[in-house]
Amino acid sequence: MNRICMMEEVPEREARSFELSDGNTIFVTQRDGAFYAYQNLCPHLQVELEFLENQFLDRDQEYIECSSHGALFVVETGECISGPCQGESLEKVGISVHSDGGIYLTEE
Ligand code: FES
C-alpha cells in the first residue's frame, strides 16, 4: 500500500503537498483531527492551487484557497463556496490513517 506521509507531517490547520508515483500532486490538510486530501487542481482553470509552497489555506486557515482568483473551498468536502467555480468541487483523494501513524492512499 502507498504511504503518503506520517500524521505529524501535516499539523492541524496546515497543509502539505506530495507528489504521487504517477506524477500527480495532491495535498493533505488536517481539520479537527481528521485528514483530507485533494488533487492539486483548481476546477476553474485546472491549475495548481498554491502560489507559495504548501500555502493551500486562506489567511484565517478556515478554507482552502486558490491563489489564482481566490476561490474558497470547504476543507471537509472540497466544495467551492466562493469564486469563479462556485458550486464545483476539488477532486477528493481517498486516504486512511493507519495504526502506525501513516496516512495511506486507499485508491490508485
Ligand atoms: S484558477 Fe482557481 S480560482 Fe481561477
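From a predicted model like this one, the values you see are computed outputs, not experimental measurements.

About the criteria used
- Residues numbered from 1 in each chain as written.
- Predicted model: local features only at pLDDT ≥ 70, side-chain atom pairs only at ≥ 80, totals over all residues.
- Heavy atoms only, no water.
- Salt bridge = Lys/Arg side-chain N within 4 Å of Asp/Glu carboxyl O.
- Helix = DSSP H or I, 4+ residues; strand = E, 2+ residues; numbered from the N terminus.
- Buried < 20%, exposed > 50% of the residue type's maximum accessible area, 1.4 Å probe, protein only.

*Asks:* Would you mind showing me how to read the pattern of salt bridges here?
*Replies:* Proximity of charged atoms lets side chains of opposite charge pair with each other. Scanning all chains against the criterion turns up three salt bridges. Between Glu 62 and Arg 13 there is a salt bridge, with the nearest N and O atoms lying 3.1 Å from each other. Of the two residues, Glu 62 sits in the loop between strand E4 (34-39) and strand E5 (64-65) while Arg 13 sits in the loop between strand E1 (3-6) and strand E2 (15-19), which places them 49 residues apart along the sequence. On the accessibility criterion, Arg 13 (26% relative accessible area) is partly exposed. In this structure, Arg 31 engages Glu 62 in a salt bridge whose closest nitrogen and oxygen atoms are separated by 3.9 Å. With a gap of 31 residues between them, Arg 31 in strand E3 (residues 25-31) and Glu 62 in the loop between E4 and E5 connect regions that are remote in the sequence.

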